[in-house]
Structures are given as structure tokens and as C-alpha cells.
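Each chain, letter by letter, is given below.
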Amino acid sequence: MQAEQLRDTVVNALEEVKAQDISVIDVRDRTSVTDYMVIASGTSSRHVRSLAESVITEAKSKGVRSANVEGGENSDWLLVDMGDVVVHVMMPATREFYDLERLWRDAPNLGAAGSE
């Protein structure tokens with residue numbers, strides 16, 4: 001699966017489970033670690049976990065073989081690393097505190113749908 005297809009799959013999975021404030025950041029010209037970062041908020045630790053699980057399930061259904069997940073069962077921040085796309089799912093307060101969008105502010109923000 002191409003990075004753009006994976007990005008769109010991730011966004012769709014997040015939208016289906018009612019993620020809040022989805023942001024897609026194109027980091028291809030900024031780092032060799034990944035192509036896109038997707039950041040989304042959940043309303044509770046359980047919702048954060050559900051969002052991450054939805055992303056993993058949807059990606060697997062499209063043929064993505066593996067995803068590494070960082071963060072605990074009741075975490076305020078889960079990271080799902082699928083290589084070309086890294087997904088950060090956080091509680092709003094955690095997202096505000098770490099402000100990843102500010103760290104990557106020079107990278108193109110593609111919005112929720114992934115289109116400029």
C-alpha cells in the first residue's frame with residue numbers, strides 16, 4: 001500500500017470511531033522516519049484505545065502487515081507506527097501539552113482529509 005493510501009485509510013478509520021480534531025502533517029521533506037503524521041484526539045482513555053484499535057484493524061484489512069503500538073492500556077497517548085504513517089492518538093490535554101503540530105509547524109498540514 002502506498003503512503004497516501006495508508007494515510008487515507010488511517011483518517012477514515014479515525015473518522016468512523018468519531019476521533020476529534022484530526023490533523024495530517026506531511027513530513028516527507030523533514031524526516032526519513034515516516035512520510036505522514038496523523039494526530040487525533042479522543043474523549044477518554046477508552047476512546048483513545050478504540051481509535052488506535054480501529055486504525056490497526058482497518059490497516060490490516062487493507063493488507064498492512066504490522067503496526068507497532070506504544071503506550072499503555074489506560075494511556076492518554078497511544079502511538080501507532082505503520083512505517084509510512086505514524087498515528088498519535090491523545091487526550092486533548094496531553095495533545096495541548098506536547099503540541100506536536102507546533103513542533104512540525106513548518107511541514108505542510110494537510111487537514112483531516114489529507115488534501116491541501
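For the structure itself, consult the block above.
Please read all numbers here as calculations on a predicted model, not as lab measurements.

**Student:** Lay out the overall build of the protein with the relevant residues and their values.
**Tutor:** A count of helical and extended segments in the protein gives four helices and five strands. Starting at the N terminus, the α and β elements of the protein follow one another as α-β-β-α-β-β-β-α-α. With the C-alpha coordinates of the protein rotated into their principal frame, the extents come out at 35 × 35 × 20 Å. Looking at the protein as a whole, 42% of its 116 residues are labelled buried. For the protein, the share of sequence-separated contacts (at least 6 apart) that also reach a separation of at least 24 residues comes to 60%. Approximately 6,400 Å² of the protein is accessible, and the part contributed by carbon and sulfur atoms is 43%. The protein carries 12 positive and 20 negative side-chain charges, and their two centres are separated by 2 Å.

**Student:** Can you break down the environment of L100 residue by residue, with the values?
**Tutor:** Turning to its location among the elements, L100 is positioned in helix α4 (residues 100–103). Given the relative accessible area of 10%, L100 is considered buried. Put simply, L100 and K18 are 82 residues apart on the chain and 21 Å apart in space, counted from C-alpha to C-alpha. When neighbours within four sequence positions are excluded, L100 is seen to be in contact with I39, W77, H88 and M90.

**Student:** Please provide a residue-by-residue account of helix α2 (residues 45–61), values included.
**Tutor:** The end-to-end C-alpha separation of α2 is 24 Å, in line with the 24 Å expected for 17 residues at 1.5 Å each. Taken together, the buried positions of α2 are H47, V48, L51, A52, S54, V55, I56 and A59. Next to the buried residues of α2 lie α1 (3–16), β2 (36–41), β3 (68–70), β4 (77–81) and β5 (85–90). Backbone geometry just after α2 places G63 at a positive phi near 100°.

**Student:** Help me get a handle on the sheet that holds β5, residues and values and all.
**Tutor:** One open sheet holds the five strands; their spatial order is β1-β2-β5-β4-β3, and the pairing between them is mixed. Each having just a single partner strand, β1 (20–26) and β3 make up the two edges of the open sheet. Ignoring strand direction, the axes of neighbouring strands in this sheet form an average angle of 15°. Where β4 meets β5, five bridges bridge the pair, whose relative direction is antiparallel. Along β5, the bridge assignment pairs W77 with M90.

**Student:** Give me the packing of aromatic side chains: which residues, what numbers.
**Tutor:** Counted by the stated rule, this structure contains two aromatic pairs. A centroid spacing of 4.9 Å and a plane angle of 50° characterise the contact between W77 and Y98, whose relative ring orientation is tilted. Pair noted here: W77 is in strand β4 and Y98 is in helix α3 (residues 92–98), with a separation of 21 residues, a long-range link. According to the relative accessible area criterion, Y98 is partly exposed, its value standing at 40%.

Reading the values: the criteria
Residues numbered from 1 in each chain as written. Predicted model: local features only at pLDDT ≥ 70, side-chain atom pairs only at ≥ 80, totals over all residues. Heavy atoms only, no water. Helix = DSSP H or I, 4+ residues; strand = E, 2+ residues; numbered from the N terminus. Buried < 20%, exposed > 50% of the residue type's maximum accessible area, 1.4 Å probe, protein only. Contact = heavy atoms within 4.5 Å. Areas by Shrake-Rupley, 256 points an atom, 1.4 Å probe, with all protein chains shown as cover. Lys, Arg positive; Asp, Glu negative; His and termini not counted. Charge placed at Lys NZ, Arg CZ, Asp CG, Glu CD. Expected span 1.5 Å × (residues − 1). Pairing = 2+ DSSP bridges. Axes fitted to C-alpha atoms, helices over the stretch in contact; angles between N-to-C directions. Phe/Tyr/Trp six-rings, centres within 6.5 Å; stacked < 30°, edge-to-face > 60°.

Honestly, that's just the spatial picture; any functional story needs more than this.
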